[in-house]
Amino acid sequence: LLQQTPNTRHEIGEGQGNWMLRPGAPEEACAFLGMLMGLSIRTGAYLPFDLLRGFWAPLVGESRGLSDVLEMDCLQRGTQMLEAD
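The structure presented is a predicted model; accordingly, all values stated were derived computationally and were not measured.

Q: Got a sec to walk through the side chain of N18? Specific residues and values, please.
A: In this structure, N18 sits in strand β2 (residues 18-21). Residue N18 is classed as buried on the basis of its relative accessible area of 11%. Among the polar contacts listed, one links the side chain of N18 to the side chain of E71, at a separation of 3.4 Å.

Right under this line is the structure:
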């Protein structure tokens, strides 16, 4: 359900040590994770992983931007620049 960010795997950039949702994660598993998060907040038994800011932004009404992509995968910027040429 969760996976390490590309920055963590490549040991570069910001967001190292953070987790992100695995692309294509089943909706039921995401709903279960949400229930676990809610339960952990209510009981004070916090879950032992850091999620990216880009994960939380939509939940609190903020938009995501390029900085959120770079926090997850700073190599993506180079890919985008190559595709623009």
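What follows picks up the thread again.
Q: Describe unusual backbone geometry, with residues and values.
A: Despite not being glycine, E11 shows a phi value in the positive range, around 55°. Residue position: E11 is located in the loop between α1 (6-10) and β2.

Q: Break down the packing of aromatic side chains for me, with residues and values.
A: Scanning the model with the defined rule gives one aromatic pair in all. When the ring of F55 is compared with that of W56, the centres are 5.1 Å apart and the planes differ by 85°; the resulting orientation is edge-to-face. What makes W56 partly exposed here is its relative accessible area of 36%.

Q: Let's hear about helix α2 (residues 27-43): which residues, and what values?
A: Taking 1.5 Å per residue, 17 residues should reach 24 Å; α2 reaches 24 Å between its end C-alpha atoms and fits that length. Within α2, the full set of buried residues consists of L33, M37 and S40. Axial view of α2: buried residues confined to an arc of 65°, hence all on one face. Turned more than 90 degrees away from the buried face of α2 sit E27, E28, M35, R42 and T43, all of them exposed. Along its buried surface, α2 packs onto β1 (2-4), β2, β3 (50-51) and α3 (53-56). Downstream of α2 by a residue or two, G44 has a phi angle that is positive, lying close to 80°.

Q: Give a description of the sheet that holds β3 that names residues and reports values.
A: Taken in spatial order, the three strands of this open sheet run β1-β2-β3, and their pairing is mixed. Each of the sheet's edge strands pairs with one partner strand only, and the pair in question is β1 and β3. Across two bridges, the pairing between β2 and β3 is parallel. Bridging across to β3, N18 finds its partner in D50.

Reading the values: rules and limits
Residues numbered from 1 in each chain as written. Predicted model: local features only at pLDDT ≥ 70, side-chain atom pairs only at ≥ 80, totals over all residues. Heavy atoms only, no water. Helix = DSSP H or I, 4+ residues; strand = E, 2+ residues; numbered from the N terminus. Buried < 20%, exposed > 50% of the residue type's maximum accessible area, 1.4 Å probe, protein only. Polar contact = N/O pair within 3.5 Å; in protein donor to acceptor, adjacent residues only side chain to side chain. Phe/Tyr/Trp six-rings, centres within 6.5 Å; stacked < 30°, edge-to-face > 60°. Expected span 1.5 Å × (residues − 1). Arc of directions from axis to C-beta. Contact = heavy atoms within 4.5 Å. Pairing = 2+ DSSP bridges.

In short, shape yes, function no, at least from these values alone.
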